[in-house]
Amino acid sequence: MYCKNCGKPMDDVAAVCVNCGAPKMAGNSFCPNCGAQTAPGAAFCLSCGVALNPQAAAATGAQKEKLVAGLLAIFLGTLGIHNFYLGYNQRGVIQLLISILLSWTFIAPTVVWVWAIIEAVKIFQGTLPDANGNPLK
């Protein structure tokens, strides 16, 4: 992560930039993904293509559908398909591997299914954004 105010590298868990003292995600001069300088008010970084604010993603239709993600979690949750859809690939792979490799136990897939139902509830409540931090529409 990079400071949006000064463009210097920043720890992901830091609350403020140690170089300029700006709060996390404050500023509009640099891309938080790659650190490249951006035009103030720009919707996307021209270097890496990441959306610089959730409103930009919403304006271009880049937001994921809440209904699609929720239904995937309910019906294909044990395979982690909803996490792949939302961009949480590591979480999706974990759910998929647990379900496939431990399917003979019947307990592990049930636990993963409960995990997916909890994520479905979070999706429908609007508290689980996609992997880029964009809210679901």
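Please read these numbers as outputs of a predicted model, since none were measured by experiment.

1. Considerations on the overall build of the protein
Line of reasoning, step 1. Looking only at helices and strands, the protein has five helices and zero strands in total.
Line of reasoning, step 2. Along the protein, helices and strands appear, N-terminal first, in the series α-α-α-α-α.
Line of reasoning, step 3. A globule of 137 residues ought to have a C-alpha radius of gyration of about 14 Å, yet the protein, at 18 Å, is considerably larger.
Line of reasoning, step 4. Projected onto the principal axes, the alpha-carbon positions of the protein cover approximately 55 × 30 × 25 Å.
Line of reasoning, step 5. Pairs at least 24 residues apart make up 37% of the contacts formed inside the protein by residues separated by at least 6 positions.
Line of reasoning, step 6. A total of about 7,900 Å² of accessible surface is found on the protein, and carbon and sulfur atoms cover 64% of it.
Line of reasoning, step 7. Positive and negative charge centroids in the protein, built from 8 and 5 side chains respectively, lie 4 Å apart.

2. Regarding the state of the cysteines
Line of reasoning, step 1. Counted by the stated rule, this structure contains zero disulfides.
Line of reasoning, step 2. We note that Cys 17 lacks a disulfide partner, and the nearest cysteine sulfur, in Cys 6, lies 3.6 Å from it.
Line of reasoning, step 3. Overall, the relative accessible area of 2% leaves Cys 17 in the buried class.
Line of reasoning, step 4. Left without a disulfide partner, Cys 20 is nearest to the cysteine sulfur of Cys 3, which lies 3.7 Å away.
Line of reasoning, step 5. Cys 20 sits in the partly exposed class, given a relative accessible area of 33%.

3. Some points on the environment of Gly 80
Line of reasoning, step 1. Considering the arrangement of structural elements, one finds Gly 80 in the loop between helix H2 (66-76) and helix H3 (81-86).
Line of reasoning, step 2. Judged by its relative accessible area of 0%, Gly 80 falls in the buried class.
Line of reasoning, step 3. With sequence-adjacent residues up to four places away left out, Gly 80 is seen in contact with Gly 92 and Gln 95.

4. Description of the nonpolar core
Line of reasoning, step 1. Counting eight residues, the largest nonpolar core is built from Ala 69, Ala 73, Leu 86, Tyr 88, Ala 120, Ile 123, Leu 128 and Leu 136.
Line of reasoning, step 2. Looking at this core, the elements that each hand over two or more residues are H2 and helix H5 (107-125).
Line of reasoning, step 3. The next biggest cluster of nonpolar side chains, apart from the first, holds five residues, and it includes Cys 3, Met 10, Cys 17 and Ala 22.

5. Overview of H2
Owing to its 3.6 residues per turn, the α-helix brings residues three or four apart onto one side.
Line of reasoning, step 1. Those residues of H2 that fall on the buried side of the exposure criterion are Ala 69, Gly 70, Leu 72 and Ala 73. Across the axial projection of H2, the buried residues extend over an arc of 160°, all falling on one side. Turned more than 90 degrees away from the buried face of H2 sit Leu 67 and Phe 75, all of them exposed.
Line of reasoning, step 2. The inward-facing, buried residues of H2 abut H3 and H5.

6. Concerning the packing of aromatic side chains
Line of reasoning, step 1. Within this structure, the stated rule accounts for zero aromatic pairs.
Line of reasoning, step 2. One residue, Lys 64, lies across the ring of Tyr 85, its end atom 5.1 Å from the ring centre.
Line of reasoning, step 3. Seen from the ring of Tyr 88, Arg 91 lies directly overhead, with NZ or CZ sitting 4.3 Å from the centre.

Calculation criteria
Residues numbered from 1 in each chain as written. Predicted model: local features only at pLDDT ≥ 70, side-chain atom pairs only at ≥ 80, totals over all residues. Heavy atoms only, no water. Helix = DSSP H or I, 4+ residues; strand = E, 2+ residues; numbered from the N terminus. Rg over C-alpha atoms; globule rule 2.2 N^0.38 Å. Contact = heavy atoms within 4.5 Å. Areas by Shrake-Rupley, 256 points an atom, 1.4 Å probe, with all protein chains shown as cover. Lys, Arg positive; Asp, Glu negative; His and termini not counted. Charge placed at Lys NZ, Arg CZ, Asp CG, Glu CD. Disulfide = S-S within 2.5 Å. Buried < 20%, exposed > 50% of the residue type's maximum accessible area, 1.4 Å probe, protein only. Core = buried A, V, L, I, M, F, W, Y, C linked by side-chain atoms within 4.5 Å. Arc of directions from axis to C-beta. Phe/Tyr/Trp six-rings, centres within 6.5 Å; stacked < 30°, edge-to-face > 60°. Lys NZ or Arg CZ within 6 Å of the ring centre and 35° of its normal.

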